[in-house]
Amino acid sequence: MTRKKNHAFRHSYFETFHRRMIEDQTGSGVAQMLRMTAGDRVVGYLYNFLYREKVFAYQSGFDIELNALKPGYVCHALAIDHYAKLGAKTYDFLAGTNQLKRSLSNEEYPLYWIRAGRTTMRNRIGFWLIRRAQTKP
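One structure accompanies this document, and this report is about it. (Residues numbered from 1 in each chain as written. Predicted model: local features only at pLDDT ≥ 70, side-chain atom pairs only at ≥ 80, totals over all residues. Heavy atoms only, no water.)

**Some thoughts on the packing of aromatic side chains**
Then step 1. As enumerated under the stated definition, the model contains 6 aromatic pairs in all.
Then step 2. Measuring from ring centre to ring centre gives 5.7 Å for Tyr47 and Tyr58, while their planes differ by 90°; the resulting arrangement is edge-to-face. With Tyr47 in strand β2 (residues 41–51) and Tyr58 in strand β3 (residues 54–62), the pair connects residues that are 11 residues apart, well separated along the chain.
Then step 3. Given the relative accessible area of 6%, Tyr47 is considered buried.
Then step 4. With a centroid separation of 5.5 Å and an interplanar angle of 55°, the aromatic rings of Phe49 and Tyr58 are classed as tilted.
Then step 5. Note on Tyr58: relative accessible area 27%, which makes it partly exposed. (Phe/Tyr/Trp six-rings, centres within 6.5 Å; stacked < 30°, edge-to-face > 60°. Helix = DSSP H or I, 4+ residues; strand = E, 2+ residues; numbered from the N terminus. Buried < 20%, exposed > 50% of the residue type's maximum accessible area, 1.4 Å probe, protein only.)

**Considering unusual backbone geometry**
Excluding glycine, residues mostly have negative phi values, and the peptide bonds linking residues are mostly trans.
Then step 1. In this structure, Arg52 takes a positive phi of about 50° despite not being glycine.
Then step 2. Mapped onto the elements, Arg52 comes out in the loop between β2 and β3.
Then step 3. Residue Arg52 is classed as exposed on the basis of its relative accessible area, which comes to 69%.
Then step 4. The phi dihedral of Glu53 is positive, around 65°, even though this residue is not glycine.
Then step 5. For Glu53, the position within the fold is in the loop between β2 and β3.

Rendered as structure tokens:
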């Protein structure tokens, strides 16, 4: 069962990039895929990067039939515990915010997106459209 929403790998170049990166990192432990199970049932997957005692939680997928049991919370909490036992100092949820990240985090920092371009009518209209889209509920 899928959520039928856009995802990080909807464009083929992302999948190609990650496959190549994983192949290049074979044996380094930088790219990691965690599979959480309950008996024979897969609860979720976490695709993380581990670098210098810091975990970057890049992508995840959960069994949505288990949503009432909060598989995202369970999987990330287990991953945080797993990495802490391995000596990781930080578990970074990366960009964006949601209730899960706010609940399991003890720190938050802003991410700023900057667009630069020449001052042309086309760019002014484009920047105006972007700002308008960002302020809509």
